[in-house]
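Given next are the chains, with one letter for each unit.
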Amino acid sequence: MNGLLIFDKPKDLTSHDMVYQVRKKTNIKRVGHTGTLDPMATGVLVMCIGKATKVSDYILAADKEYIAKIKLGILTDTLDITGNVLKNDDVLFKKSKIKECLENFLGIQEQTPPKYSAIKIKGKKLYEYAREGQDISIPKRKIIIHSIHLLDFNNKDEITIKVLVSKGTYIRSLANDIGNYLGTYGTLTNLRRTRSGDFKIQDALTLEDFKNLNAKQINQKLLPIDEALKHLQKIDVNPNFYDNIINGQFYKLNRPYKNNDYRIYCNNFFIGLGEIRIINGDYYLKIKKRLMGEV
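Criteria and cut-off values
Residues numbered from 1 in each chain as written. Predicted model: local features only at pLDDT ≥ 70, side-chain atom pairs only at ≥ 80, totals over all residues. Heavy atoms only, no water. UniProt positions renumbered as here; feature names shortened; annotations may be inferred. Salt bridge = Lys/Arg side-chain N within 4 Å of Asp/Glu carboxyl O. Buried < 20%, exposed > 50% of the residue type's maximum accessible area, 1.4 Å probe, protein only. 1 Å grid on protein atoms, 1.4 Å probe; cavity = no way out; pocket = protein on both sides within 12 Å on 5 of 7 lines; lining within 4 Å. Points joined across faces, edges and corners; volume = space filled by probe spheres on them. Helix = DSSP H or I, 4+ residues; strand = E, 2+ residues; numbered from the N terminus. Nonpolar A, V, L, I, M, F, W, Y, C, P; charged D, E, K, R; others polar. Contact = heavy atoms within 4.5 Å. Pairing = 2+ DSSP bridges. Lys, Arg positive; Asp, Glu negative; His and termini not counted. Polar contact = N/O pair within 3.5 Å; in protein donor to acceptor, adjacent residues only side chain to side chain.

Identification of the chain as tRNA pseudouridine synthase B from Peptoniphilus olsenii is taken from an unreviewed UniProt entry. For the record of the chain, the UniProt heading Sequence similarities (unreviewed entry) holds the text "Belongs to the pseudouridine synthase TruB family. Type 1 subfamily."

**Focus on the pattern of salt bridges**
Counted according to the given criterion, the structure contains 10 salt bridges. Ionic pairing is found between Lys230 and Glu227, a salt bridge with its closest N-O pair at 3.5 Å. Of the charged contacts in the structure, one is a salt bridge between Glu275 and Arg277, with a shortest N-O distance of 3.0 Å. Residue class for Glu275 comes out partly exposed when judged on its relative accessible area of 21%.

**A word on the layout of surface pockets**
If you add up the space inside the largest pocket, you get close to 1,200 Å³. Lining the largest pocket are 36 residues, with Thr36, Leu37, Asp38, Ala118 and Tyr170 positioned closest to its centre. Counting residues per element, the ones that place at least two in the lining of the largest pocket are helix 1 (15–26), strand 4 (64–72), helix 4 (126–131), helix 5 (171–181) and strand 12 (186–196). Here the element with the most residues in the lining of the largest pocket is strand 12; it accounts for 3 residues. Class assignment of the residues belonging to the lining of the largest pocket gives a composition of 15 nonpolar, 12 polar and 9 charged. Taken together, 13 residues make up the lining of the second largest pocket; nearest its centre are Leu79, Pro113, Pro114, Lys115 and Asn176. Taken together, the elements giving at least two residues each to the lining of the second largest pocket come down to strand 5 (74–76) and helix 5.

**Some points on the UniProt feature "active site" (unreviewed entry) in the chain**
Mapped onto the present numbering, the UniProt feature "active site" (unreviewed entry) falls on Asp38. One can find Asp38 in the loop between strand 2 (31–33) and strand 3 (42–49). Looking at Asp38, the relative accessible area reads 28%, which means it is partly exposed. Not counting chain neighbours up to four residues away, the residues in contact with Asp38 comprise Lys9, Leu13, Asp80 and Arg172.

**Digging into the UniProt feature "domain: tRNA pseudouridylate synthase B C-terminal" (unreviewed entry) in the chain**
As recorded in UniProt, the feature "domain: tRNA pseudouridylate synthase B C-terminal" (unreviewed entry) lies at residues 172–229. Here residues 172–229 runs as 38% helix and 26% strand, with 29 Å between its end C-alpha atoms.

**Description of the pairing of strand 17 (residues 261–266)**
For strand 17, the buried fraction is high: 6 of the 6 residues fall into the buried class. Here strand 17 shows two buried faces, one formed by Asp261, Arg263 and Tyr265 and the other by Tyr262, Ile264 and Cys266. As judged from the 6 bridges shared by strand 17 and strand 18 (residues 269–279), these two strands associate in the antiparallel manner. Across the sheet, the residue bridging to Tyr265 is Phe270, located in strand 18. Between the antiparallel neighbours strand 17 and strand 18 lie 2 residues, among them Asn267 with a positive phi of about 55°.

**Some details on the side chain of Glu65**
Within the element layout of this structure, Glu65 appears in strand 4. Although Glu65 is buried, it forms no salt bridge, and the closest oppositely charged side chain is Lys162 at an N-O distance of 4.1 Å. Polar contacts involving the side chain of Glu65 include one to the side chain of Thr194, which spans 2.7 Å. Beyond its immediate sequence surroundings of up to four residues, Glu65 is in contact with Lys162, Val163, Leu164, Arg192, Arg193, Thr194 and Arg195.

**Topic: unusual backbone geometry**
Of note in this structure, Leu79 is not a glycine but carries a positive phi near 70°. Even without being a glycine, Asn268 presents a positive backbone phi close to 65°. Structurally, the position occupied by Asn268 is in the loop between strand 17 and strand 18. Given the relative accessible area of 65%, Asn268 is considered exposed.

See the structure below:
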């Protein structure tokens, strides 16, 4: 069993809990998720099964879309509503001020990840430092907010936004940064991931539905591995050279190609990922990750 399953993760389960459920149901050990969702969050969680685990990095690197509810005037230690309240302001904002604030966050930003996160510094996860009460300097990282829209506002202190963001963006940190821009605090109270790369919430499978499927039905729900790689250009290999290419030999191309990763096919059958090598001015394709078996 090799492929992708798109889940709508429920509340109160970790991403690792979802991996456990898939392993238990399918009896397959090689299962991995592609982008952690906190227990309080719901929404799109792409699960890679079997050989599909080899392409998880490509899904992790994709942009993601969220709908987030933010309470202004509250600060917690985790930057979401599950944490301990540290500060509380009585605030009142106008819609025009909120819209002006959100526009400020469009484009490239520098963001500080939450101290309660799994990022490692000096071989130790940030949340481990936080639980031990240790203060540690957290380096900022560059992120991109491609779009941000106000969906709802209670005309006082609670907003709902829809954002499309780059890899590595923490919506909890964004909530806090929005609060800071407004001269107060911001805490995430609800989060739903509606898209991860090309995988959308309307195509997702609930955990309960998954549990009721048999092996044949699960296979029918599996998406092929190359669905995660549609953004990469495709190269077809002559069937006479199939054995050569899968055994790591160079395949000469008849025109120049950019130095990117490519999807390799033979007789319209997906083989794996390849990369370009330039030797004496000629362009060659070499397999990088073999992902499927015989044609």
